[in-house]
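# Coordinates in review
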Amino acid sequence: ITGGVTVAASATLTGAGEIVGSTTVYGTLLAAPLRLGGALALKSTGRLLCPFSDNSGGALGLLAASTVSVTAGARVDVTLNEPCSTVNFVRTYWRTPRVYPLLRASSVSGALALGTVSPDAAGHAAASYGAFSLQSSPTNFSLRWTPLPGLPNVDEPAVILIAPQATPVAVPGGPAAL
């Protein structure tokens, strides 16, 4: 896109490619492999959405812009339970501290705040296993995961149910001794 783009408060911008002009976000910007040739302005209602789809963070894309200005109130929302997500905090992957680069620019001004963090695909709250936080420098924003110490490593459950061994049968008149 050769012109500028404004994302309305009720809209979401996502995709790959390049926007040559300035981008102003009042709504949601999906962290994606999107190149912004101009300035990025995240307004107070703006959200940078970080959807995890698996236990690797590999689906998060690095957003690049020439410069970034953030207005107080702009947030980063972390989504761990999108449809088809396999994120599960019980897995060993989440026992190691991690840093996910989100946004890179030649200069960054202002500060993003951490917004909503969803439960994982199994319904576990992040706070039961660790914490997400944001870190910034004059040229980037990153999402940091810090696990709670002492949690066990689990990659496979102790019991795996593949299929019921018997077909359930309804008994008329309620339960009865067999």
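Residues numbered from 1 in each chain as written. Predicted model: local features only at pLDDT ≥ 70, side-chain atom pairs only at ≥ 80, totals over all residues. Heavy atoms only, no water.

A few words on the overall build of the protein. Check the secondary structure of the protein and you find 0 helices and 14 strands. Helices and strands appear in the protein in the N-to-C order β-β-β-β-β-β-β-β-β-β-β-β-β-β. Restricting the contact set of the protein to residue pairs at least 6 apart, pairs at least 24 apart contribute 62%. About 9,500 Å² of surface is accessible on the protein, with carbon and sulfur atoms providing 59% of the total. (Helix = DSSP H or I, 4+ residues; strand = E, 2+ residues; numbered from the N terminus. Contact = heavy atoms within 4.5 Å. Areas by Shrake-Rupley, 256 points an atom, 1.4 Å probe, with all protein chains shown as cover.)

Considering all chains together, one arrives at 10 aromatic pairs under this definition. For the pair Phe52 and Tyr100, a centre-to-centre distance of 5.0 Å together with 85° between the ring planes defines the contact as edge-to-face. Within this pair, whereas Phe52 is found in the loop between strand 7 (47-51) and strand 8 (63-70), its partner Tyr100 is found in strand 10 (residues 98-104), the two being separated by 48 residues in sequence. Relative accessible area serves as the criterion here: at 6%, Tyr100 is assigned to the buried category. In this structure an aromatic cluster arises from ring pairing among Phe52, Phe89, Tyr93, Trp94, Tyr100, Tyr129, Phe132 and Trp145. In this structure, Arg98 packs its charged tip against the face of Tyr93, placed 3.7 Å from the ring centre. (Phe/Tyr/Trp six-rings, centres within 6.5 Å; stacked < 30°, edge-to-face > 60°. Buried < 20%, exposed > 50% of the residue type's maximum accessible area, 1.4 Å probe, protein only. Lys NZ or Arg CZ within 6 Å of the ring centre and 35° of its normal.)

Before going further, it helps to spend a moment on the nonpolar core. Of all hydrophobic cores here, the largest spans 38 residues; its most connected members are Leu40, Phe52, Val68, Trp94 and Phe132. Looking at this core, the elements that each hand over two or more residues are strand 1 (5-7), strand 6 (34-42), strand 7, strand 8, strand 9 (75-79), strand 10 and strand 14 (140-147). Excluding residues that lie within four positions of it along the chain, Trp94 makes contacts with Phe52, Asn55, Val87, Asn88, Phe89, Tyr100, Phe132, Trp145 and Pro147. (Core = buried A, V, L, I, M, F, W, Y, C linked by side-chain atoms within 4.5 Å.)

Attention now moves to the sheet that holds strand 12 (residues 113-117). Taken in spatial order, the 5 strands make up an open sheet running 2-5-7-9-12, and their pairing is parallel. Unpaired on one side and paired on the other, strand 2 (12-13) and strand 12 mark the two borders of the sheet. Judged from the 5 bridges that link them, strand 7 and strand 9 form a sheet pairing that is parallel. Bridge pairing in strand 9 links Leu49 to Asp77. (Pairing = 2+ DSSP bridges.)

Turning our eyes to something else, we now look at unusual backbone geometry. Here the phi dihedral of Cys84 falls at roughly 75°; this positive angle occurs in a residue that is not glycine. Within the element layout of this structure, Cys84 appears in the loop between strand 9 and strand 10.

Take the pattern of salt bridges next. Under the defined criterion, the tally for this structure stands at 1 salt bridge. Put simply, Arg47 and Asp77 hold a salt bridge, and the shortest N to O gap is 3.7 Å. Taken together, the residues Arg47 in strand 7 and Asp77 in strand 9 connect sequence positions 30 residues apart. We classify Arg47 as partly exposed; its relative accessible area is 24%. By relative accessible area, which is 15% here, Asp77 ends up buried. (Salt bridge = Lys/Arg side-chain N within 4 Å of Asp/Glu carboxyl O.)

Within the secondary structure, Leu103 sits in strand 10. Linking Leu103 and Thr139, residues 36 residues apart in sequence, is a C-alpha distance of 8.4 Å. Aside from chain neighbours lying at most four places away, what touches Leu103 is Leu40, Leu48, Leu62, Leu63, Val68, Thr139, Asn140 and Phe141.

Of the pairings in the sheet, the one linking strand 6 to strand 8 comprises 6 bridges and is parallel in character. Paired with Ala41 across the two strands is Ser69, which belongs to strand 8. Of the pairings in the sheet, the one linking strand 8 to strand 10 comprises 2 bridges and is parallel in character. Bridging from a neighbouring strand, Leu63 pairs with Leu103 of strand 10.

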